[in-house]
Amino acid sequence: MSSERLASADGNRGGPALSVHGLSKRFGDRVAFQDLSFEIGYGEVFGFLGPNGAGKTTTVRTLGTLLRPTSGSAIVAGIPLTHENGVEIRRRVAIMPESPGLYLRLSVSENLECFADLYETPDPKDRVERALHAVNLANRANDICGTLSKGLRQRVALARALLSDPEVLFLDEPTAGLDPVAAHDVHELIASLGRGGVTIFLTTHRLEEAERLCDRVAILNTTLRTIGRPDELRDRLFAKALTVKTLAPLTDPGYVFAGLPAVESWHQDGQATYVVVVSDLATAAPAITRALVTADAHVLSISESHHSLEDVYLELIAEEGEARVT
Amino acid sequence: MRLSIRWIRAMFRKELRDYRRNAQMIVTMAYLPLIFLIQPLVVLFKVPASTAQQISEAPVLLYMLAIPALAPGTVAAYSVVGERVQGTLEPVLTTPIRREELLLGKALAVFVPSVAISFAVFAFFIVCVELFTPPGIAAALVQGPELLAQVVFTPLLAGCSIWIGVAISTRSSDVRTAQGFSLLATVPLAVPTTLMAFKVIPATLGVAFGFAAILLVVDGLGWRLISATFDRERLIAGTR
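The rules behind the values
- Residues numbered from 1 in each chain as written.
- Chains lettered and ligands numbered in written order.
- Predicted model: local features only at pLDDT ≥ 70, side-chain atom pairs only at ≥ 80, totals over all residues.
- Helix = DSSP H or I, 4+ residues; strand = E, 2+ residues; numbered from the N terminus.
- Buried ≥ 20, exposed ≤ 12 C-beta atoms within 10 Å, placed from the backbone.
- Contact = placed C-beta atoms within 7 Å.
- Pairing = 2+ DSSP bridges.
- Nonpolar A, V, L, I, M, F, W, Y, C, P; charged D, E, K, R; others polar.
- Core = buried A, V, L, I, M, F, W, Y, C linked by C-beta atoms within 7 Å.
- Domains from an automatic or database assignment.
- Axes fitted to C-alpha atoms, helices over the stretch in contact; angles between N-to-C directions.
- Parallel < 35°, antiparallel > 145°, perpendicular 65-115°, else oblique.
- Left-handed = near helix turned anticlockwise from the far one by under 90°.

Engineer: Is there a simple way to think about the overall build of chain A in this case?
Structural biologist: Scanning chain A from terminus to terminus reveals twelve helices and 14 strands. C-alpha atoms of chain A, sized along the principal axes, occupy 75 × 45 × 40 Å. Counting all 326 residues of chain A, 44% fall into the buried class. Considering only intrachain contacts with a sequence separation of at least 6, the fraction spanning at least 24 residues in chain A is 68%.

Structural data, given as structure tokens:
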């Protein structure tokens, strides 16, 4: 990303890069998404997670002015989301759809030259070269897109999205269908863009992808279920816990853990593994250690229980499923 | 609204490059002109010199205006639905290009080669007639007013045919269906000139002017009307 572009964009950055208030989209009777409200700051990498059919792609298309919202409002890259502002918004954002959508009979550079003109870039040839360098495809510029692998096509699509130096870059499932190596390459590219200060709105259902790349995530299932930093969400949803592993099962674990300061509850999780739910790690950990030593237990490890973003996601989606059943 | 030449040119160049490498499109562009070239040539090669007087009384060459009336619409019918089927329409619609420029770029990419092919086929036809038909036939066939009619009506008919094709293309979800419908929908365009060629309608200057004026209005309105009804949402989501 060019430093001059970032500098000029900074000049316009009084407010958030994306500000969404009560946004909804319906197709007839079907609700695609409903009552979305969130804000994204400039330079933030924001993950938008949700199961298939949750409304992720529709949200991207709506914020990218391809679809008209049914209700609510949004400000995209400083411009109110209205039909009249469509051209101006599209000048400031770029969308990489899930399918690369390349002209397969055209070469890589021909594809990008067309889009460089559509984005009115000042020096199209130079910009195309820079975009190809950014995705490590400079040596494939003359290849016909139809001959490229899926991973390379995805990279060309990413180069295309970078042509306009967008203020907000929407990436819709950028690693869908890619093998682990190709997905890793795309992750590296996204991470480098994030480090370069590009505002990225990343939709995905790959939770490890969101956890690795995103500053904040939102979980969507037609309505916004939660939003925050991955570690915040874990703390919000899961109680703090310590996992205690001993060489042999404790003879009376209830006696060992009961009544210790900051210990709220405990349960056995395997033959000689105990999960102790605590209110304060710093208080509970030394007390548990002392109690284990007193009980003459052979302690293998005491560690903080880790919940992944996947746990958060599954918990939220499961909660919603249960709510629907009841 | 001020049109962006750069956006129109970008679409025009992209479409031309794509068509040039698309065997299906080349066949589509070629087969109708070939039919309308070979069929009259075969007839003319067989006619005796004595029929020259008869030929001179009818504007037979107007029959060849069926090429710009039918062929461009079939190609234009691919322009939007083709992109939609390939999945290339969404990336284009996410760029700042307005629907007016998008459609004009696409239309021009069909218009230029179609008109060039129509004139080339017509020129080839005239050369063949001059070289290979019995004496007197060429002189009877090739007349000033008819040449002028070819020059004036070819672009006008091509324009109309293209807008019919694009209109059908924006409403279709299958390329073959769009092309079939387009061919059917453009047939009425070839009717007036064909009827003149067969002396059903008198080929007078007034009729020619009237027909040209109608085509000119339809060309202009076609672009505006199709642009106004071009709906990104329906094309992307398939619904409203």
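Once you've had a look at it, read on.
Engineer: What am I meant to see in the pairing of strand E3 (residues 45–49) of chain A here?
Structural biologist: Sheet faces and side chains relate simply in a regular strand, where the side chains alternate between the two faces. Residue and element names in this part refer to chain A. For E3, the buried fraction is high: five of the five residues fall into the buried class. Neither face of E3 is left uncovered, since the one carrying Val 45, Gly 47 and Leu 49 and the one carrying Phe 46 and Phe 48 both have all their residues buried. As paired strands, E3 and strand E8 (residues 199–204) are joined by five bridges and run parallel to one another. Bridge assignment links Gly 47 to a residue of E8, and that residue is Leu 202.

Engineer: I tried to follow the interface of chain B and chain A on my own but got confused; where do I start?
Structural biologist: Note: interface size is frequently given as the accessible area lost on complex formation between the parts. At the junction of the two partners, chain B supplies 23 residues and chain A supplies 25 residues. Contributions of two or more residues to the side of chain B that touches chain A are made by helix H1 (5–20), helix H5 (89–93) and helix H11 (232–237) of chain B. Of the residues forming the side of chain B that touches chain A, the biggest block, six residues, is contributed by H1 of chain B. Across the side of chain B that touches chain A, the residue classes break down as eight nonpolar, six polar and nine charged.

Engineer: Teacher, can you tell me more about the sheet that holds strand E4 (residues 71–76) of chain A here?
Structural biologist: Sheet strands line up and pair through hydrogen bonds in the backbone, either parallel or antiparallel. Residues and elements named next belong to chain A. Across the sheet, four strands lie side by side as E2-E1-E4-E5; this open sheet has antiparallel pairing. A single partner strand is all that each edge strand has here, and the edge strands are strand E2 (30–40) and strand E5 (79–80). Two strands pair when backbone bridges link them, and E4 and E5 are joined in this way by two bridges, in the antiparallel orientation. Residue Ile 75 lies in a different strand from E5, and its bridge partner there is Pro 80.

Engineer: I would appreciate a short explanation of the environment of Ile 26 of chain B in the present structure.
Structural biologist: Mapped onto the elements of the fold, Ile 26 of chain B is located in helix H2 (residues 23–46). Taking the C-alpha atoms as reference points, Ile 26 of chain B and Ser 114 of chain B, separated by 88 residues in sequence, lie 11 Å from one another.

Engineer: Please explain the nonpolar core as it appears in this structure.
Structural biologist: Where a protein is soluble and globular, its nonpolar side chains tend to be buried together. Residues and elements named next belong to chain A. Within the largest apolar cluster, 140 residues are counted, with the highest numbers of intra-cluster contacts made by Phe 170, Ile 200, Phe 201 and Leu 202. Contacts of Phe 170, omitting those with residues within four sequence positions, involve Val 60, Leu 63, Gly 64, Val 93, Ile 95, Met 96 and Phe 201. Grouped together as the second largest cluster of nonpolar side chains are 14 residues, Ala 241, Tyr 274, Val 278 and Ile 288 included.

Engineer: I would appreciate a short explanation of the domain arrangement of chain A in the present structure.
Structural biologist: For chain A, the assigned domains are domain 1 (3–229) and domain 2 (239–304). Put simply, the middle of domain 1 of chain A and the middle of domain 2 of chain A, counted by C-alpha atoms, are 46 Å apart.

Engineer: How do you make sense of the packing of H2 of chain B against helix H6 (residues 99–132) of chain B when you look at a structure like this?
Structural biologist: For any two helices packed against each other, the geometry comes down to the angle between their axes and how far apart the axes lie. Residues and elements named next belong to chain B. Two elements in contact, H2 and H6, have axes whose closest approach is 11 Å; the angle formed by their N-to-C orientations is 15°. Judged by the inter-axis angle, H2 sits roughly parallel to H6. Relative to H6, the crossing made by H2 is right-handed. Across the interface between the two elements, Met 29, Pro 33, Leu 37, Leu 41, Leu 44 and Phe 45 of H2 pack against Pro 113, Ile 117, Val 121, Phe 124, Phe 125, Cys 128, Val 129 and Phe 132 of H6. Partitioning the contact of H2 with H6 into residue classes produces 14 nonpolar, no polar and no charged.

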